[in-house]
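Each chain, letter by letter, is given below.
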Amino acid sequence: MKVKISNYPNRLMCNLFNNYMNKKYGFVGWPTEYTQFERNLDWLDDRVQDFYNVFNWLWFDRRTQKVKVRIDEWDTWSMDHTLAPIILPMLKQLKETQHGAPYVYPEDVPSKLRPTKQELLQYTKQGETDPKWFDRWDWVLDEMIYAFDCKANKDEVIMRFDIKDRDAMDKEQDRISKGFRLFGKYFESLWD
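The structure contained in this document is the topic of the report that follows. (Residues numbered from 1 in each chain as written. Predicted model: local features only at pLDDT ≥ 70, side-chain atom pairs only at ≥ 80, totals over all residues. Heavy atoms only, no water.)

Some details on a nonpolar patch on the surface
Here is step 1: A contiguous nonpolar patch, built from M1, V3, I5, V67, V69, I71, M79, L83, I86 and M90 and spanning about 890 Å² of accessible area, is present on the exposed surface.
Here is step 2: Those elements giving two or more residues to the nonpolar patch turn out to be strand 1 (2-5), strand 2 (67-70) and helix 3 (79-97).
Here is step 3: At four residues, the largest contribution of residues to the nonpolar patch is made by helix 3. (Patch = residues over 30% accessible without salt bridge, like charges linked within 9 Å, V, L, I, M, F, W, Y side chains within 5 Å. Areas by Shrake-Rupley, 256 points an atom, 1.4 Å probe, with all protein chains shown as cover. Salt bridge = Lys/Arg side-chain N within 4 Å of Asp/Glu carboxyl O. Helix = DSSP H or I, 4+ residues; strand = E, 2+ residues; numbered from the N terminus.)

Right, dumping it as structure tokens:
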């Protein structure tokens, strides 16, 4: 197997005004009234961006991310073992660099992470996230990571159990299977 995925295409962006304002006032707390210089800089920024947009439309917006995948026949003999070492580091990186969290169904997490009915009503009305929102997503990611780690390092998982301890092995397999089910259920939520 060989996979080559290029970066997403970039666009030309003029950030003269934003860069100046961030440097002068920080990322928050910009004044509501601008000085004459700031208004002129904002106008100039808009004109330069208009010029850039022509090139963006002509060149950058027509480019797409390049993806090349070559699959050898042996890659599908045990595809779960082929994909696990690829998916595992991606899940780990996502957990480290995430900037948000999707909705996680309460039935997918332990009871200690589930919102109460009162919290659901309160935060749903306000359109906000409850205090355990991000903890639920972290728990789901941890379960996915655990499942793929076990698949990628199967020999180590087998060595942890005594062959006679069937209950412990079944419990372990249930956790692994749940991690894969969560991966399927939240596949479209794997974004940063």
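Now that the structure has been shown, we can carry on.
Some details on the side chain of D108
Here is step 1: Relative to the elements of secondary structure, D108 occurs in the loop between helix 3 and helix 4 (117-126).
Here is step 2: By relative accessible area, which is 10% here, D108 ends up buried.
Here is step 3: Those residues in contact with D108 that sit more than four places away from it in its chain are W139, K178, L182, K185 and Y186. (Buried < 20%, exposed > 50% of the residue type's maximum accessible area, 1.4 Å probe, protein only. Contact = heavy atoms within 4.5 Å.)

A closer look at a positive patch on the surface
Here is step 1: The grouping of K2, K4, R63, K66 and K68 at the surface amounts to a positive patch.
Here is step 2: By the secondary structure assignment, R63 is in the loop between helix 2 (36-58) and strand 2. (Lys, Arg positive; Asp, Glu negative; His and termini not counted. Charge placed at Lys NZ, Arg CZ, Asp CG, Glu CD.)

So, the layout of surface pockets
Vacant regions in the atomic arrangement are exposed by a probe of water-molecule size rolled over the atoms.
Here is step 1: One number sums up the size of the largest pocket: a volume of about 710 Å³.
Here is step 2: I5, I86, M90, L91 and L190 are the residues nearest the centre of the largest pocket, which is lined by 17 residues in total.
Here is step 3: Of all the elements in the fold, those that place two or more residues in the lining of the largest pocket are strand 1 and helix 3.
Here is step 4: When residues in the lining of the largest pocket are grouped by element, the largest group, eight residues, is from helix 3. (1 Å grid on protein atoms, 1.4 Å probe; cavity = no way out; pocket = protein on both sides within 12 Å on 5 of 7 lines; lining within 4 Å. Points joined across faces, edges and corners; volume = space filled by probe spheres on them.)

Structural notes on the packing of helix 5 (residues 133-152) against helix 7 (residues 166-185)
Here is step 1: Running from amino to carboxyl end, helix 5 crosses helix 7 at an angle of 115°, the nearest separation of the two axes being 8 Å. Considering only the axes of helix 5 and helix 7, their crossing is left-handed. Counted together, W139, V140, E143, M144, Y146, A147, F148, C150 and K151 of helix 5 and E172, R175, I176, K178, G179, F180, L182 and F183 of helix 7 form the full contact between these two elements.
Here is step 2: Tallied by class, residues from the contact of helix 5 with helix 7 come to eleven nonpolar, one polar and five charged. (Axes fitted to C-alpha atoms, helices over the stretch in contact; angles between N-to-C directions. Left-handed = near helix turned anticlockwise from the far one by under 90°. Nonpolar A, V, L, I, M, F, W, Y, C, P; charged D, E, K, R; others polar.)

Overview of the packing of aromatic side chains
Here is step 1: Summed over the entire model, instances satisfying the criterion amount to ten aromatic pairs.
Here is step 2: With a centroid separation of 4.9 Å and an interplanar angle of 70°, the aromatic rings of F148 and F183 are classed as edge-to-face. With F148 in helix 5 and F183 in helix 7, this residue pair connects regions lying 35 residues apart in the sequence.
Here is step 3: For F183, a relative accessible area of 15% puts it in the buried group. (Phe/Tyr/Trp six-rings, centres within 6.5 Å; stacked < 30°, edge-to-face > 60°.)

Details of the environment of F187
Here is step 1: Position of F187 relative to the elements: it lies in the segment after helix 7.
Here is step 2: Here the alpha-carbon distance between F187 and W59, two residues 128 residues apart in the chain, equals 32 Å.

What about the pattern of salt bridges?
Here is step 1: Per the counting criterion, the structure on display carries ten salt bridges.
Here is step 2: We note a salt bridge from R175 to E143, for which the minimum N-O separation is 3.1 Å. With R175 in helix 7 and E143 in helix 5, the pair connects residues that are 32 residues apart, well separated along the chain.
Here is step 3: Judged by relative accessible area, which is 35%, R175 ranks as partly exposed.

Points about helix 7
Here is step 1: Here helix 7 contains 20 residues, and its C-alpha end-to-end distance of 28 Å stays within 8% of the 28 Å for a straight helix at 1.5 Å per residue.
Here is step 2: All buried positions along helix 7 are accounted for by E172, I176, G179, L182 and F183. Looking straight down helix 7, one finds that the buried residues subtend no more than 120° of arc, so they occupy a single side. Facing away from the buried surface of helix 7 by more than 90 degrees, the exposed residues are R166, D167, K171, D174, R181 and G184. (Expected span 1.5 Å × (residues − 1). Arc of directions from axis to C-beta.)

All we've got here are geometric facts, nothing functional implied.
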